Each structure stands twice: as structure tokens, then as C-alpha cells.
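# Geometric and topological summary
What follows is the residue order along each chain.
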Amino acid sequence: MAAPEMREPIESGCPDGFQYMHPTMRRNYGTWDYHEDIQPGVMVHIAKYGEDKLWTIKAGTQRILDVFTLRKLMDIGDEFGDGYVQFTIRSNIQFFVDTEEKVAPLVAALEDAGFPVGGTRNSVASISHTQGWLHCDIPGTDASGVVKAMMDELLPYWRGWDMPNRVHLTTSCCQINCGGQGDIAINVQHTKPPKIDHSLVGNVCERPSVVARCPVAAIRPAMVDGQPSLEVDEKKCICCGACYPPCPPMQINDYMDTQLAIWIGGNHSNARGKPTFQRLVAAGVPNNPPRWPEATAIVKKILDCYKEGAKDWERINEWVERIGWPRFFEVTGLPFTKYHIDNWRGARANLNSSTHIRF
């Protein structure tokens, strides 16, 4: 009896990336000898064996791409490049060509179409961010909008090579889910506990899940006007917004009370020192769409002071640790307020690790 024919396995996850690679990249995968930076946004990789070279042209795009913009980028790649592209984790697009003669026309075509070329070597990288109002169910602000408005102002830092080291920026539209560790981070800061619509909680929310969701055990079941509901211990509440996703009647977003906070000094790398956490440097920054001028001005001030005062190859956290936090607030002109001190009563264990106060 013949063996039954086996079905093909059902694969999930990312497809094989090799099928989308430039042929020169496939031939030399894992065997490149070195690379050189030709100009901002352009680098060339030199093969270890043979005479292959591959030029990479990096251009900035918006985080949320529509189909018309994608088609425009693909048309540019087909006409001026070799038809191979990839997107970076920070929403930049990279084109690949195997001859130097194609580089200048491709760069010119991208710039003419409104896609700036840059973001390599000692520059300010594009801001990594989350979905914002378009896609997320709990945004306190529009991260995509913050990034667009801020990168418009930071374009010279993106195009240049004159920062002491590479600078990574991140932002997030809530306090609990997306976002990341960066040299500078722009995050939402809720300032008041949620306002509960008790008439909806019993029919909309799974109360045990909401109680379990709170990281500081500030939520407990309650009966309000004869209906099952929830209540918040405001002395414990840290205004993180974790309760809102499983229970929309616990509304925490508010135009006046949802603000922005700016943190600096985050570093994942352990190449020259151990990884570091971010530290708060500005709180209560107005969440002021559509251009967020107050947050942008603070970020530019920090970048200018870092550029002027840091040594070559110092990251922002290394620069601040060298000059000291009091000096950082002096040179940037940022006010030191009570919000810089971690005074939550559950944080007794980490108060002594604060950069601002010792007991």
C-alpha cells in the first residue's frame, strides 16, 4: 500500500527574507569585508571576496504610509534603483544599487519627492513610535503626529553627521504598552485618576480582569447606586491608564490633564558600560496638537546642549553622568520640580537610586 501523501506544513510568521534581497546582498551574505559612509544617508558595502559593492540609500518616511505614498516609493525604486528595498524598524526606507552611477539620481529623485536622505552615522535617528489615534485603543496623544511635527524641526540633525554620537528618540501615546528605551523619550503623562461611568461598568467591563490589571492594586469591586461597579483608591493610583483598555468606562484621557513628559539617558547597549534606565527631565509639557511646539523646543534644547558639551562618542547618558545632573539642569535651563522626585509610597525601595535625592 502506498504511503499517504503528506500535506505541506502551514507556516506562520515572517516569510523568508532572502527572496527579497538584492542579488549582490544574497551572494555576499555574512561575508562583507567592511563598509564606508559616502555622505549622509549613503553607505557602500565592500565584499570580502570578489569585486562586489552594494550602495545603500536611506530615506525618511512617515510612520503611517498610505498606498499612494508606497506606490510612489516603489516607482522611484524601479526607475532609479534596482527594484530592491527594505524598511527599518524606525520606518525609514532603504534602496539598494550595485553601481555608483545610480546613487546621485536616486538621491535627487527622493529629495524631489519629499523624502529626505540621511539618518546615518552620528545623526539623530528617526523617532520610533506607536500607532496613535489611527490604530490604538488607548492613546493619550497621537504619537504619529508628535513624530511628524518634531522630525520636521529636527531635519538638520537627521541630515548631519555632527552629533557626538548617534541619538535614538522614541515616543509613545500611552504609559503602559508601546514605546521604548531611548536617548530621549517623549511619553504621555496622565495626571489624574480615571473618571468612572458607573452606569456602564456592570454591562461593559469584566470586573475581575480590571482589578487584576492594576499594577498597584488600587482598584476594587464596589456597588454604586445598586449596580455592580468599581472604585479607585486615589492614594495608590499612579495614573498609568492600565485600567482603561479592559474597561472603557474608566476614562483617563483628558485634554487638560493628559500631558507629555520627556525622559533621557536610556541605553540598551553594554558595549562600553552597563545598560541604563531613562530619567525624567521635563514633566507637565502641554499635549498640544497638531505641532506640539513646547515638547519640540525642549528636545531641541537638550540636543543642542548635548552637541555642544559632550565628548566624541559619548551617548547622552554618559554625558549627563560625567557632568552631573545638577549641571545638566543648569545648562539646559529646564526647571527642577517636585515631579522629578519619585514620591509614590510603594517606591521606598528605589528612592535611594534616584538621581536627584538621597536618604
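The structure contained in this document is the topic of the report that follows.

Parameters at a glance
Residues numbered from 1 in each chain as written. Predicted model: local features only at pLDDT ≥ 70, side-chain atom pairs only at ≥ 80, totals over all residues. Heavy atoms only, no water. Core = buried A, V, L, I, M, F, W, Y, C linked by side-chain atoms within 4.5 Å. Buried < 20%, exposed > 50% of the residue type's maximum accessible area, 1.4 Å probe, protein only. Helix = DSSP H or I, 4+ residues; strand = E, 2+ residues; numbered from the N terminus. Contact = heavy atoms within 4.5 Å. Pairing = 2+ DSSP bridges. Axes fitted to C-alpha atoms, helices over the stretch in contact; angles between N-to-C directions. Phe/Tyr/Trp six-rings, centres within 6.5 Å; stacked < 30°, edge-to-face > 60°. Lys NZ or Arg CZ within 6 Å of the ring centre and 35° of its normal. Salt bridge = Lys/Arg side-chain N within 4 Å of Asp/Glu carboxyl O. Disulfide = S-S within 2.5 Å. Polar contact = N/O pair within 3.5 Å; in protein donor to acceptor, adjacent residues only side chain to side chain. Arc of directions from axis to C-beta.

### Some details on the nonpolar core
Within soluble globular proteins, side chains that are nonpolar tend to cluster in buried spots. Ranked by size, the top nonpolar core spans 38 residues in total, and within it Ile184, Ile262, Ile264, Val299, Ile302, Leu303 and Phe328 carry the most contacts. Mapped onto this core, the elements with two or more residues apiece are α4 (143-153), α5 (155-159), β7 (184-190), β12 (258-264), β13 (279-285), α8 (293-309), α9 (316-323) and α10 (325-332). Here this core takes seven residues from α8, the largest share from any one element. Aside from chain neighbours lying at most four places away, what touches phenylalanine 328 is Ile264, Val281, Ile302, Trp319, Val320, Ile323 and Leu334.

### Remarks on the sheet that holds β12
The strands that make up a sheet pair up through hydrogen bonds in the backbone, lying either parallel or antiparallel. Taken in spatial order, the four strands of this open sheet run β6-β7-β12-β13, and their pairing is mixed. In the strand order of this sheet, the two ends are held by β6 (169-172) and β13, each with one partner. Pairwise comparison of adjacent strand axes, ignoring direction, gives a mean angle of 25° for this sheet. Across the sheet, α4 lies against β6 and β7, angled at about 145° from β6, the strand it touches most. In this fold α10 packs onto β12 and β13, with an angle of close to 40° to the strand it touches most, β13.

### Looking at the packing of aromatic side chains
The description of an aromatic ring pair uses the distance of the two centres, along with the angle that the planes make with each other. All told, the structure shown has six aromatic pairs when counted by the stated rule. Here the aromatic rings of tryptophan 319 and phenylalanine 328 are separated by 5.9 Å at their centres, their planes lie at 75°, and the arrangement is edge-to-face. Here a set of aromatic residues connected by ring pairs shows up, and it is made of Tyr306, Trp319, Trp325, Phe328, Phe329 and Phe336. Across from the ring centre of tryptophan 161, 3.7 Å away, lies the NZ or CZ of arginine 121, which sits over that ring.

### Here we look at the pattern of salt bridges
Across all of its chains, the model carries 14 salt bridges by this definition. The salt bridge partner of aspartate 98 is lysine 102, with a shortest N-O separation of 3.6 Å. The partner of lysine 300 in a salt bridge is glutamate 153, with the nearest N and O atoms 3.7 Å apart. Note that lysine 300 is positioned in helix α8 and glutamate 153 in helix α4, a separation of 147 residues in sequence.

### Section: the state of the cysteines
Every disulfide links exactly two cysteines, by a covalent bond between their sulfur atoms. For the structure shown, the criterion picks out one disulfide. The disulfide that involves cysteine 205 links it to cysteine 247, with 2.0 Å between the sulfurs. Where cysteine 205 bonds to cysteine 247 through sulfur, the torsion about that S-S bond is close to 75°, and the disulfide is right-handed. Of the two residues, cysteine 205 sits in the loop between α6 (198-204) and α7 (207-213) while cysteine 247 sits in the loop between β10 (227-232) and β11 (250-251), which places them 42 residues apart along the sequence. The exposure class assigned to cysteine 205 is buried, which follows from its relative accessible area of 9%. Cysteine 173 supplies the cysteine sulfur nearest to cysteine 174, a cysteine that is in no disulfide, at a spacing of 5.5 Å. Since its relative accessible area comes to 5%, cysteine 174 is described here as buried. Cysteine cysteine 243 remains unbridged, with the sulfur of cysteine 240 as its closest cysteine sulfur at 6.5 Å.

### What to know about the pairing of strand β9 (residues 219-224)
By the bridge criterion, six bridges tie β9 to β10 in an arrangement that is antiparallel. Each bridged residue has a counterpart across the sheet, and for arginine 220 the counterpart in β10 is glutamate 231. Connecting the antiparallel pair β9 and β10 is a turn made up of two residues, with aspartate 225 showing a positive phi of about 55°.

### Some remarks on the side chain of serine 126
Locating serine 126 in the fold gives a position in the loop between α3 (103-112) and α4. A polar atom in the side chain of serine 126 sits 2.8 Å from the side chain of asparagine 92.

### Side note on the side chain of histidine 22
Along the chain, histidine 22 falls in the segment before α1 (23-27). Classification of histidine 22 by relative accessible area gives buried; the value is 3%. Excluding its chain neighbours within four sequence positions, the residues that come into contact with histidine 22 are Leu54, Asp82, Tyr84, Phe96, Val97 and Asp98.

### Some words on α10
Where α10 is concerned, the buried positions are Trp325, Phe328, Phe329 and Thr332. The buried side chains of α10 occupy one side of the element, clustering within an arc of 95° when seen end-on. The exposed set on the far side of α10, more than 90 degrees from its buried face, consists of Pro326 and Glu330. Of the surrounding secondary structure, the elements contacted by the buried residues of α10 are β12, β13, α8 and α9.

### As for the sheet that holds strand β3 (residues 53-59)
Taken together, five strands build an open sheet; the order of strands is β1-β2-β3-β5-β4 and the sheet is antiparallel. Here the strands that pair on one side only, and so sit at the sheet edges, are β1 (32-39) and β4 (85-87). With direction set aside, neighbouring strand axes in the sheet form an average angle of 25°. Pairing analysis gives five bridges linking strand β2 (residues 42-47) to β3, with the strands arranged antiparallel. Paired with valine 42 across the two strands is isoleucine 57, which belongs to β3. Across the sheet, helix α2 (residues 67-80) touches β4 and β5 (93-97), and the angle it forms with β5 is around 15°.

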